[in-house]
Amino acid sequence: MCSHPLFKMDKEDFKTSDGGAECFTDLRIGVYKEIVPMGVDPDVISYQLAGVHLEPEEFHKEVEALLAEGDSCSDTILLDCRNFYESKIGQFTRCLAPDIRKFSYFPDYVDQNLELFKDKKVLMYCTGGIRCERGSAYLRSKDVCKEVYQLKGGIHKYLEQYPEGFYRGKLFVFDERYAISSNSDVISDCRYCSCPWDKYELCSTQFCCQLVLSCPSCRQNGHTACCPTCQTKGQAKSEASPAVLHHKEECECTCGRPRIPQDPQHICVPYLE
Ligand SMILES: [Zn+2]
Ligand SMILES: [Zn+2]
Ligand SMILES: [Zn+2]
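Being a predicted model, the structure only gives us computed values, none of them experimental. (Residues numbered from 1 in each chain as written. Chains lettered and ligands numbered in written order. Predicted model: local features only at pLDDT ≥ 70, side-chain atom pairs only at ≥ 80, totals over all residues. Heavy atoms only, no water.)

1. Observations concerning the overall build of the protein
Of regular secondary structure, the protein possesses ten helices and nine strands. The proportion of buried residues among the 273 residues of the protein is 43%. Expressed as a percentage of contacts within the protein between residues at least 6 apart in sequence, the contacts between residues at least 24 apart total 65%. About 15,100 Å² of surface is accessible on the protein, with carbon and sulfur atoms providing 54% of the total. (Helix = DSSP H or I, 4+ residues; strand = E, 2+ residues; numbered from the N terminus. Buried < 20%, exposed > 50% of the residue type's maximum accessible area, 1.4 Å probe, protein only. Contact = heavy atoms within 4.5 Å. Areas by Shrake-Rupley, 256 points an atom, 1.4 Å probe, with all protein chains shown as cover.)

2. Quick word on the confidence of the model for the protein
Averaged over every residue, the pLDDT of the protein is 86; residues scoring 70 or more account for 88%. Element-level mean pLDDT values for the protein span from 46 in helix α9 (residues 242–245) up to 98 in strand β5 (residues 147–151). Across residues 241–246 the pLDDT falls below 50, and counting only partners more than four positions away or on other chains, this stretch makes five contacts in the model. pLDDT under 50 marks residues 269–273. Its contacts with residues more than four places away, or in other chains, come to eight contacts. (pLDDT = per-residue confidence, 0-100.)

3. Section: the coordination of the zinc ion (ligand 2)
Protein ligation of the zinc ion (ligand 2) involves Cys203 (SG), Cys208 (SG), Cys226 (SG) and Cys230 (SG), the donor distances falling in the range 2.2 to 2.4 Å. Viewed at the metal, the four donor atoms of the zinc ion (ligand 2) are separated by angles of 108 to 115°, and the geometry they form is tetrahedral. Each donor residue of the zinc ion (ligand 2) belongs to the same chain, with the gaps between them written as C-x4-C-x17-C-x3-C. The zinc ion (ligand 3) is placed at 3.9 Å from the zinc ion (ligand 2), the two being bridged by cysteine 226. With cysteine 203 in the loop between β8 (200–202) and β9 (211–213) and cysteine 230 in helix α8 (residues 228–237), this pair connects stretches of sequence that are 27 residues apart. Accessibility assignment for this pair places cysteine 203 and cysteine 230 in one class, buried. (Donors = N, O, S within 2.8 Å, 3.2 Å for Na, K, Ca; no water. Tetrahedral: all angles 85-135°; square planar, octahedral: opposite > 155°, others 65-115°.)

4. Here we look at the nonpolar core
Core analysis: the biggest nonpolar cluster contains 26 residues, and Leu79, Phe106, Tyr109, Phe117, Val122, Met124 and Leu139 have the highest contact counts within it. Of all the secondary-structure elements, those providing two or more residues to this core are β2 (76–80), α3 (106–112), α4 (114–117), β4 (121–125) and α5 (130–141). Residues in contact with methionine 124, not counting those within four places in the same chain, are Phe59, Leu79, Cys81, Phe106, Cys132, Gly135, Ser136, Leu139, Tyr149, Gln150 and Leu151. By size, the runner-up hydrophobic cluster in this structure holds 21 residues, among which are Phe59, Phe92, Leu159 and Leu171. (Core = buried A, V, L, I, M, F, W, Y, C linked by side-chain atoms within 4.5 Å.)

5. Digging into the sheet that holds β4
The four strands are arranged β1-β5-β4-β2 in an open sheet whose pairing can be described as parallel. Each edge of the open sheet is held by one strand with a lone partner, namely β1 (52–54) and β2. Each strand axis lies, on average, 30° off the axis of its neighbour in the sheet, ignoring direction. Both β4 and β5 contribute to a ladder of four bridges, which runs parallel. When the bridges of β5 are listed, valine 122 appears paired with valine 148. (Pairing = 2+ DSSP bridges. Axes fitted to C-alpha atoms, helices over the stretch in contact; angles between N-to-C directions.)

Written out as structure tokens, the structure reads:
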């Protein structure tokens, strides 16, 4: 038995939601150094460094206080440490959601945005609290923030208590369901016609692994790829040779996004309602 304090799991550490075996077609059980790889060895950045855990009620109060400040620049950053496509369809009101594609880019994102975090109180959150354990430890290792807090049990546990709280939209999950919802807000738009839409599907172009938000009527009009470039490629594909098909796909979506985004140093996120 492992004696590490983090291996002691309580009943409340388990998260339940609707869905059966059909949602987990790729379920594997194993022992990993990092459940969601941040790419930094836990022996280098220890779990012990992680930010202070806030229970959903405490986190809720913190966000409430942040929102009460209105439009003024705040000392507090509400940081979504998930990937851009996750925060796009659901997020906490007034959060900072980095435009990163993988959690392994998070350390570089922090490194390149250190000024942003200087002397700030950071309230970090992710899906189930797993990434925050590593992400908050990394952020704290930089020694620039005033304080770093993390939402215990993540959005998942928060939504159980506050389905109509400050988290709006869907919660992206990494199984066949793609997302689970607790409130009916749709915070994202169709890629093509900009109508409210938050149901992801995989780009129809083979080997492109981008998720696309294309509403039913746009799909009917043939917009099934992540972007026009990909759509064109998809059509050319049937005539292409198998060798060409295995090339790594690049499209507007992958080319247009810097690997590590630089956020403005003084963020004043307007409070939209
Ligand atoms: Zn549309
Ligand atoms: Zn695509
Ligand atoms: Zn694309």
